[in-house]
Amino acid sequence: SQQGEEDPQALSIQEGENATMNCSYKTSINNLQWYRQNSGRGLVHLILIRSNEREKHSGRLRVTLDTSKKSSSLLITASRAADTASYFCAIGGTSYGKLTFGQGTILTVHP
Amino acid sequence: EPEVTQTPSHQVTQMGQEVILRCVPISNHLYFYWYRQILGQKVEFLVSFYNNEISEKSEIFDDQFSVERPDGSNFTLKIRSTKLEDSAMYFCASIEIAVDNEQFFGPGTRLTVL
C-alpha cells in the first residue's frame with residue numbers, strides 16, 4: 001500500500017513554537033501532498049512536493065521529502081492558535097491518480 | 001480564488017433511498033474525484049473521472065455508486081440504495097492538468113443515513 005502514515009498522531013504546542021509532522025510511505029510516489037482539515041470541515045491544500053524535489057516552502061510552511069527513506073515532513077514555523085487542525089499527507093502514485101491519505105496528525109496550538 | 005463547490009452541505013436520508021451529491025469543479029479543471037471520510041477515519045478514494053469516463057475506482061465504489069458529468073459544470077455522485085454505512089463526509093476534488101497536479105477539494109457533503 002502507498003498509504004501515508006503520519007507521526008505523531010497528536011501534537012500539542014504553545015503559540016510561537018514550531019510544529020513538525022512526519023509522513024512515511026511504502027512504495028514509490030509521483031508526488032506527496034499535505035492538507036489541513038479543521039474539525040468537520042473540508043480539506044485545504046497546503047503544498048505539493050514532487051518525487052524529484054527535496055524541499056518546498058510556502059509562507060510559514062516547509063515540506064521536505066526524502067525518497068530514499070520514503071518519508072516527508074511538514075514544518076510549521078511560529079505557530080498560531082489558528083493553525084489548530086488535523087494535518088494529512090496524501091500520496092499520489094501517478095500524476096493524476098488517486099491520493100492515498102494517512103490517519104493524520106491532530107495539531108493543537110495553545111494561545 | 002476559484003473553488004470547488006458542493007451541494008448540499010448536509011443530506012439526511014432514509015436507508016434504501018437514492019441520493020445525488022453535487023459538485024461544481026473549478027472551471028478549467030479536467031480530472032475529477034470523489035472521496036469519502038467516515039467520522040473519525042481517514043479520507044478514502046472512491047472514483048476518478050476524466051474525459052467523460054471513469055479512470056479508476058476503489059473497491060468501495062460498487063454497483064450502488066455511479067458518477068456523471070451531466071453538463072459542462074456539474075459532477076455528481078449517485079448512491080442508488082443507501083446503507084447505514086454510507087454515512088460519511090463526501091468530498092469532491094478536481095485537478096487542472098498542469099505541471100503541479102494539486103487536487104483541490106470542495107467543502108464536502110455530510111451524508112447521514114438513518
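Residues numbered from 1 in each chain as written. Chains lettered and ligands numbered in written order. Predicted model: local features only at pLDDT ≥ 70, side-chain atom pairs only at ≥ 80, totals over all residues. Heavy atoms only, no water.

(A) Structural context of the overall build of chain B. Within chain B, the secondary structure is distributed over zero helices and eleven strands. From first element to last, N terminus to C terminus, chain B shows the α and β order β-β-β-β-β-β-β-β-β-β-β. The C-alpha atoms of chain B give a radius of gyration of 13 Å, which matches the 13 Å a tight globule of 114 residues would have. Projecting the C-alpha coordinates of chain B onto the three principal axes gives extents of approximately 40 × 25 × 25 Å. Of the contacts formed within chain B by residues at least 6 apart in sequence, a portion of 54% connects residues at least 24 apart. Of the roughly 5700 Å² of accessible surface on chain B, 46% is carried by carbon and sulfur atoms. A gap of 7 Å separates the mean positions of the 9 positive and 16 negative side-chain charges of chain B. (Helix = DSSP H or I, 4+ residues; strand = E, 2+ residues; numbered from the N terminus. Rg over C-alpha atoms; globule rule 2.2 N^0.38 Å. Contact = heavy atoms within 4.5 Å. Areas by Shrake-Rupley, 256 points an atom, 1.4 Å probe, with all protein chains shown as cover. Lys, Arg positive; Asp, Glu negative; His and termini not counted. Charge placed at Lys NZ, Arg CZ, Asp CG, Glu CD.)

(B) Summary view of the pattern of salt bridges. Going through the model one piece at a time under the given rule, you end up with six salt bridges over all chains. Measuring nitrogen to oxygen at the nearest pair gives 3.9 Å for the salt bridge that ties Lys 98 of chain A to Glu 56 of chain B. Residue Lys 98 of chain A is located in the loop between β9 (85-92) and β10 (99-101), and its partner Glu 56 of chain B is located in strand β6 (residues 53-57); the two belong to separate chains. Lys 98 of chain A sits in the partly exposed class, given a relative accessible area of 31%. On the accessibility criterion, Glu 56 of chain B (29% relative accessible area) is partly exposed. Residues participating in the shared-partner salt-bridge network are Arg 50, Glu 53 and Lys 56 of chain A. (Salt bridge = Lys/Arg side-chain N within 4 Å of Asp/Glu carboxyl O. Buried < 20%, exposed > 50% of the residue type's maximum accessible area, 1.4 Å probe, protein only.)

(C) Structural view of the sheet that holds strand β1 (residues 5-7) of chain B. Residue and element names in this part refer to chain B. Reading across the sheet, the four strands line up as β1-β3-β8-β7 and stay open at both edges, with antiparallel pairing between neighbours. In the strand order of this sheet, the two ends are held by β1 and β7 (65-68), each with one partner. For this sheet, the mean inter-axis angle between neighbouring strands, taken without regard to orientation, is 20°. With three bridges joining them, β1 and strand β3 (residues 19-24) adopt antiparallel strand pairing. Paired with Gln 6 across the bridge in β3 is Cys 23. (Pairing = 2+ DSSP bridges. Axes fitted to C-alpha atoms, helices over the stretch in contact; angles between N-to-C directions.)

(D) How the structure looks around the interface of chain A and chain B. Residue-level contacts link 21 residues of chain A with 24 residues of chain B. Summed over both partners, the interface of chain A with chain B buries about 1800 Å², with 55% contributed by carbon and sulfur atoms. It is Leu 43, Tyr 96 and Lys 98 of chain A that lose the most area in chain A upon contact with chain B, and together they represent 33% of the buried surface on that side. Where chain A touches chain B, the interface holds one salt bridge. Here chain A and chain B share eight residue pairs in polar contact (both at pLDDT 80 or more) between them. Every element with two or more residues in the side of chain A that touches chain B is listed here: β4 (31-37), β5 (43-50) and β10 of chain A. It is β5 of chain A that contributes the most residues to the side of chain A that touches chain B, four residues altogether. Of the residues in the side of chain A that touches chain B, the class split is seven nonpolar, ten polar and four charged. (Buried area = accessible area lost by both parts, 1.4 Å probe. Polar contact = N/O pair within 3.5 Å; in protein donor to acceptor, adjacent residues only side chain to side chain. Nonpolar A, V, L, I, M, F, W, Y, C, P; charged D, E, K, R; others polar.)

(E) Structural context of the side chain of Asn 31 of chain A. Residue and element names in this part refer to chain A. The residue Asn 31 is located in strand β4 in this model. There is a polar contact of 3.0 Å between the side chain of Asn 31 and the side chain of Gln 33. Not counting chain neighbours up to four residues away, the residues in contact with Asn 31 comprise Leu 48, Ile 49, Arg 50, Ser 51, Ala 90, Ile 91, Gly 92, Thr 94, Ser 95 and Leu 99.

(F) Inspection of the nonpolar core at higher detail. One finds Met 21, Leu 32, Trp 34, Leu 74, Ile 76, Tyr 87 and Leu 107 of chain A to be the most contacted residues of the largest nonpolar core, which totals 23 residues. Put simply, the parts of the chain that give this core at least two residues each are β2 (10-14), β3 (19-24), β4, β5, β7 (61-66), β8 (71-76), β9 and β11 (105-110) of chain A. Examining the composition of this core, we find that four residues originate from one element, β9 of chain A, more than from any other. Among the nonpolar cores identified, the runner-up in size contains 21 residues, and Val 4, Leu 21, Ile 26 and Ala 88 of chain B belong to it. (Core = buried A, V, L, I, M, F, W, Y, C linked by side-chain atoms within 4.5 Å.)

(G) Quick peek at the pairing of β8 of chain A. Residue and element names in this part refer to chain A. Counting buried positions along β8 yields five of six residues, so the element is predominantly enclosed. As defined by bridge partners, β3 adjoins β8 across six bridges and the pair is classed as antiparallel. In the strand pairing of β8, Cys 23 is matched with Ser 72. Of the pairings in the sheet, the one linking β7 to β8 comprises six bridges and is antiparallel in character. Note on β8: the bridge partner recorded for Arg 62 is Leu 75. Hairpin connection from β7 to β8: four residues lie between these consecutive antiparallel strands, with Lys 70 at a positive phi of about 50°.

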